[in-house]
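# Understanding the architecture of this molecule
Spelled out, the chains give:
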Amino acid sequence: MRLPSAACDCMACSHLPAKTSRGGNACARPWYIERRSIFGSFRTNFPFRAARRGPVCAKVSYRGYLGDTRFRKELRYSKAAIDQNKEESRKHMRTVFDFERWASHRSSQRYLQHITGIPRSRIIRGLRVPLICVFVFATCVATWESYKEAHPSSWLPSSSLEATDPFNLTNFALALLLAFRLDASYSRFMEGRSIWGNIVSDSRNLIRQAQAYVDDEHSLQLLLRWTSAFSRALMWHVREECDLEAEMQDVLLPHEIQLLMNHEHHKPNFVLAVLTQVVNNLPTSEAHKLAMDSSLTSFHQAVGACERMIKTPIPRSYTRHTSRFLVIWLAFLPFTLWRACHWVMVPATVLIAFLLLGVEEIGVQIEEPFGILPLENLVDIIHYNSKEMVDTRHTVAEIAGQPPQPVSNSKIKHGNGTYR
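Summarised in this report is the structure supplied together with it. Model, not experiment: these values are computed from the prediction.

## Section: the overall build of the protein chain
When its secondary structure is counted, the protein chain shows 16 helices and 5 strands. Out of the 420 residues in the protein chain, the part that is buried amounts to 38%. Of the roughly 25000 Å² that the protein chain leaves accessible, carbon and sulfur atoms contribute 59%.

The following block contains the structure:
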């Protein structure tokens, strides 16, 4: 989200600057927000005036979904508060497995590879700041306790804890919280993959039916283009960094791209509307049209399922409570380990923090699946598989239309077990 800068850069604003309550200049018209949500682009009044920070721009662009309420609170999450390195690393998680990758995945050497790969782990890089904080805190506790042991007569109190019952009582609760968090996130990840798997299957099914029922070349090519366009429009719909116009260059014709880009609101719905008209105009029977329309209905349901996953995370109170529980538990861990481990407590605390925070981090990363699923590969599969079916339809028709061939003299086993 781009917050207003310190100077008004609204080139389209023709209003004269007005004085603010702090003596600065600001656009005379009230602030509004041009918000591009999953329901389209629209303007809404800003909840407070531009005078809060002096000269500001009267226009704020936002890419993504925000709720219609408590918008002022959401403004605090600016780009400065986002871990850009972590967001960029999510792109490297979009892995497509083949036979070679599966063989490596099952290899007995995976244990050595996973251990030696810890320094290069994206989880380590994503948790470097929390782990550094844990290391510094544990080192401070160890230094404090070492000084106390070296000077027994000192008035400084000992910070180590002799009783471990609080940890024993809370271990199972922390385990349940982390297990439920990871299980819920994995369920969302698999749901997202299932949604896109259904989109691939329904796209193939739609083109399979069309190439069998329709003989008109123009209608088939039109249906092929907009079927491929739907998956790319939906990918753009659920991802922030996707460039829709670039994605459509090899799919739609130039004037079709222009029509799509000029549509300011819900682009997947626009593509579905085009597909519905294309199917309705196909030179085939009503029964065939009805069969193909079922695939379009599945597309519409997939759009709604994707929007539901984007708009609705795991309840944020649960995520916050799990994070607080984990941080407080780790904060008290050095005081408990000191008497048994002394200075070994520092690396032990960091290692335990890495293991527990890593579980929570994995749950957070896979909670929103569309940023880590290989959607580029899936939309390419839809495009090339559909194009292949349309290009080979004459060969398929020729094979299917061949006259019956005589049976060879080889023995044929019948259902009763005899041979002829």
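That shown, we press on.
## A short note on the packing of aromatic side chains
All chains considered together, the criterion is met by 7 aromatic pairs. Look at W338 and W343: their rings are 6.4 Å apart centre to centre, the planes differ by 75 degrees, and that puts the pair in the edge-to-face class. Among the aromatic side chains, those forming a connected cluster through ring pairs are F137, F332 and F335.

## Comments concerning the pattern of salt bridges
Under the counting rule described, the total for this entry stands at 10 salt bridges. E217 is the partner of R393 in a salt bridge, and the nearest nitrogen-oxygen pair spans 1.9 Å. You can see R393 sitting in helix α16 (residues 393-400) and its partner E217 sitting in helix α8 (residues 217-238), a full 176 residues away along the chain. Accessibility expressed as a relative area gives 9% for R393, which makes it buried. Put simply, E247 and R232 hold a salt bridge, and the shortest N to O gap is 2.8 Å. Of this pair, E247 sits in helix α9 (residues 244-247) while R232 sits in helix α8, placing them 15 residues apart in sequence. Accessibility expressed as a relative area gives 7% for R232, which makes it buried. Where salt bridges share partners, they join R94, R239 and E376 into one cluster.

## Notes on helix α13 (residues 316-341)
End to end, α13 covers 37 Å across 26 residues, agreeing with the expected 38 Å (1.5 Å per residue, within 8%). Of all bends in α13, the biggest is about 30 degrees, found at L333, and the proline P334 comes one to four residues later. With its phi angle positive at about 55 degrees, H342 sits one or two positions after the end of α13.

## Some thoughts on the packing of α8 against helix α15 (residues 375-391)
One can describe the packing of α8 onto α15 by two numbers: an axis separation of 10 Å at closest approach and a directional angle of 175 degrees. Taken together, the axes of α8 and α15 are roughly antiparallel relative to one another. Residues Q221, L224, S228, S231, R232, M235 and V238 of α8 touch α15, and the partners they reach there are L375, E376, V379, D380, I382, H383, S386, K387 and V390. For the contact of α8 with α15, the residue count by class is 7 nonpolar, 5 polar and 4 charged.

## Quick notes on the nonpolar core
If you look at the biggest cluster of nonpolar residues, it comprises 49 residues, and the most contacted ones within it are W196, I199, L223, F230 and L275. Among the elements of the structure, α7 (165-213), α8, α10 (254-262), α11 (267-280), α12 (286-311) and α15 are those that each provide at least two residues to this core. Among the elements that line this core, the one with the most residues is α8, at 12 residues. Setting aside chain neighbours within four positions, we find L223 in contact with L206, I207, A210, L275, V278, V279 and L282. Judged by nonpolar contacts, the second largest core, of 28 residues, contains L127, A138, F167 and L178.

## A word on unusual backbone geometry
Of note, H342 is a non-glycine position whose phi angle comes to about 55 degrees, a positive value. H342 gets classed as partly exposed once you look at its relative accessible area, which sits at 32%.

## Considerations on the environment of L296
In this structure, L296 sits in helix α12. Classification of L296 as buried rests on a relative accessible area of 4%. On a C-alpha basis, the gap between L296 and L272 in space is 7.1 Å, while along the polypeptide they are 24 residues apart. Contact partners of L296, with chain neighbours within four places excluded, come to L206, L272, L275, T276 and V279.

Calculation notes
- Throughout, residues of each chain are indexed from 1 in the direction in which the sequence is written.
- Restriction of local features to residues with pLDDT of at least 70 applies here, the model being predicted, together with a cutoff of 80 or more for giving and counting side-chain atom pairs; totals for whole chains, interfaces and linings are based on all residues.
- To get the side-chain values, all heavy atoms of the structure are used, and hydrogens and water are removed first.
- Here a helix means four or more residues in a row that DSSP labels H or I, a strand means two or more in a row labelled E, and each is numbered from the N terminus.
- Classification of residues uses two cut-offs on accessible area relative to the type maximum, computed with a 1.4 Å probe and protein chains only: under 20% is buried, over 50% is exposed, and between them is partly exposed.
- Exposure was quantified through the Shrake-Rupley algorithm and a 1.4 Å probe, taking into account, for residues, occlusion by the shown protein chains and nothing else.
- Stacked, tilted and edge-to-face pairs are distinguished by plane angle, under 30 degrees for stacked and over 60 for edge-to-face with tilted covering the rest, among Phe, Tyr and Trp rings (Trp via its six-membered ring) whose centres lie within 6.5 Å.
- In the sections that follow, a salt bridge refers to a side-chain nitrogen of Lys or Arg positioned within 4 Å of a carboxyl oxygen of Asp or Glu.
- Take the residue count of a helix, subtract one, and multiply by 1.5 Å to get its expected span.
- The quantity called bend is, for any residue, the angle between two axes fitted respectively to the seven residues ending at it and the seven beginning at it.
- Axis angles are defined between N-to-C directions and span 0 to 180 degrees, where every axis is a line fitted to C-alpha atoms and, for a helix, only to the segment in contact.
- Note on angle classes: values under 35 degrees are labelled roughly parallel, values over 145 roughly antiparallel, values of 65 to 115 roughly perpendicular, and the remainder oblique.
- We call two residues contacting when some pair of their heavy atoms lies within 4.5 Å.
- Asp, Glu, Lys and Arg are counted as charged, while Ala, Val, Leu, Ile, Met, Phe, Trp, Tyr, Cys and Pro are counted as nonpolar; the rest, among them Gly, fall into the polar class.
- Put simply, buried Ala, Val, Leu, Ile, Met, Phe, Trp, Tyr and Cys residues joined by side-chain atoms within 4.5 Å make one nonpolar core.

These values are about where atoms sit, not about what they do.
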